[in-house]
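# Examining the three-dimensional arrangement
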Amino acid sequence: MIKKILSILLVLFALHTTKIYAQRIMGEAIFGMNLSKIEGDLINNGSFKFNKPGLNLGVGAIVPINDLFAINVQTIFSQKGAYQNYGPYADSARPYYKTRLDYAEVPILFSYHDKNGLTFSTGLAYSRLVRARWTVNGREVSNSTSDGYFSLNNLDWIADFKYKVWRNAQINIQYQYGITSVW
């Protein structure tokens, strides 16, 4: 008898709630470009120039918390590095300095979605170096991830802004700064 009464009370309590959120996960495809630099290297020390273009490809899952907030988990292939075409002297070899670092990244972002189609996000990204190539003054210094020049694991802070341009398509501007050093 007590079990029946508890069951009825549980059903009545469940029906009394005014708002129930069902679990909903949305997917996203990520395709784009980035511009990067390496702090503390030969050419970018203290400068604001992002001069190495790279590719960003990946997928993501967006888990809404409520109508305004969500958690976004992504898996991205990202090309980063630094580049300078000519050196300080007329006889410098081309490319004078080129670092290409390819990463597998897993960003976890906390997002705010406003009613006008803007999304503001911040979070952290774990990055694993999968390929490295480093050329200085025309000479290849490194072409391996295991030679000890670059850190295999990195942690970055992310600030992200998205604007809805058409239906589910969004344009994105993202700033990412390394908490740990790539060296």
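Refer to the structure presented above.
Residues numbered from 1 in each chain as written. Predicted model: local features only at pLDDT ≥ 70, side-chain atom pairs only at ≥ 80, totals over all residues. Heavy atoms only, no water.

In this structure the tally under the stated criterion is five aromatic pairs. Here Phe-69 and Phe-110 contribute two aromatic rings whose centre-to-centre distance is 5.5 Å and whose plane-to-plane angle is 15°, an arrangement assigned as stacked. With Phe-69 in strand S3 (residues 69-84) and Phe-110 in strand S4 (residues 97-113), the pair connects residues that are 41 residues apart, well separated along the chain. When its relative accessible area of 42% is taken as the criterion, Phe-110 is described as partly exposed. Aromatic pair Phe-69 and Tyr-112: ring centres 5.5 Å apart, planes at 55°, arrangement tilted. Taken together, the positions of Phe-69 in strand S3 and Tyr-112 in strand S4 put the pair 43 residues apart, joining distant regions of the chain. Three or more aromatic residues joined by ring pairs make a cluster, and in this case those are Phe-69, Phe-110 and Tyr-112. The side chain of Lys-80 reaches across the aromatic face of Tyr-103, ending 5.2 Å from its centre. (Phe/Tyr/Trp six-rings, centres within 6.5 Å; stacked < 30°, edge-to-face > 60°. Helix = DSSP H or I, 4+ residues; strand = E, 2+ residues; numbered from the N terminus. Buried < 20%, exposed > 50% of the residue type's maximum accessible area, 1.4 Å probe, protein only. Lys NZ or Arg CZ within 6 Å of the ring centre and 35° of its normal.)

Quick look at the environment of Gly-58 now. Tracing the backbone shows Gly-58 in strand S2 (residues 52-64). Put simply, Gly-58 and Ala-29 are 29 residues apart on the chain and 6.1 Å apart in space, counted from C-alpha to C-alpha. Residues in contact with Gly-58, not counting those within four places in the same chain, are Glu-28, Ala-29, Ile-30, Thr-75 and Ile-76. (Contact = heavy atoms within 4.5 Å.)

Membership of the largest hydrophobic core is limited to ten residues, which are Ile-38, Ala-82, Tyr-96, Tyr-97, Leu-101, Tyr-103, Leu-129, Ala-132, Trp-134 and Phe-150. For this core, the secondary structure elements donating two or more residues are S4 and strand S5 (118-136). Those residues in contact with Tyr-103 that lie beyond four places of it in its chain are Ile-76, Phe-77, Ser-78, Lys-80, Ser-127, Arg-128, Leu-129, Val-130, Asn-154 and Val-182. (Core = buried A, V, L, I, M, F, W, Y, C linked by side-chain atoms within 4.5 Å.)

With that settled, the discussion passes to the side chain of Thr-119. Along the chain, the position of Thr-119 falls in strand S5. Residue Thr-119 is classed as buried on the basis of its relative accessible area of 5%. A distance of 3.1 Å separates a polar atom in the side chain of Thr-119 from a polar atom in the side chain of His-113. In contact with Thr-119, other than residues within four places in its own chain, are Ser-111, Tyr-112, His-113, Asp-160, Phe-161, Lys-162 and Gln-170. (Polar contact = N/O pair within 3.5 Å; in protein donor to acceptor, adjacent residues only side chain to side chain.)

A few words now on the pattern of salt bridges. Opposite charge on two side chains lets them pair, provided their charged atoms get close. Tallying each qualifying case throughout the model produces five salt bridges. In this structure, Glu-28 and Lys-162 form a salt bridge, with 3.3 Å as the shortest nitrogen-oxygen distance. Here Glu-28, found in strand S1 (residues 26-36), pairs with Lys-162, found in strand S7 (residues 153-166); they are 134 residues apart in sequence, far enough to count as distant. This pair shows no difference in class: Glu-28 is buried, exactly as Lys-162 is. For Asp-102, the salt bridge is made with Arg-131, and the minimal N-O distance between the two is 2.7 Å. Linking Asp-102 in strand S4 with Arg-131 in strand S5, this pair joins segments that are 29 residues apart in sequence. Look at Arg-131 and you get partly exposed, because its relative accessible area is 44%. Linked by salt bridges that have partners in common, Lys-80, Glu-105 and Asp-156 make up one network. (Salt bridge = Lys/Arg side-chain N within 4 Å of Asp/Glu carboxyl O.)

Purely geometric stuff here, so don't read any function into it on its own.
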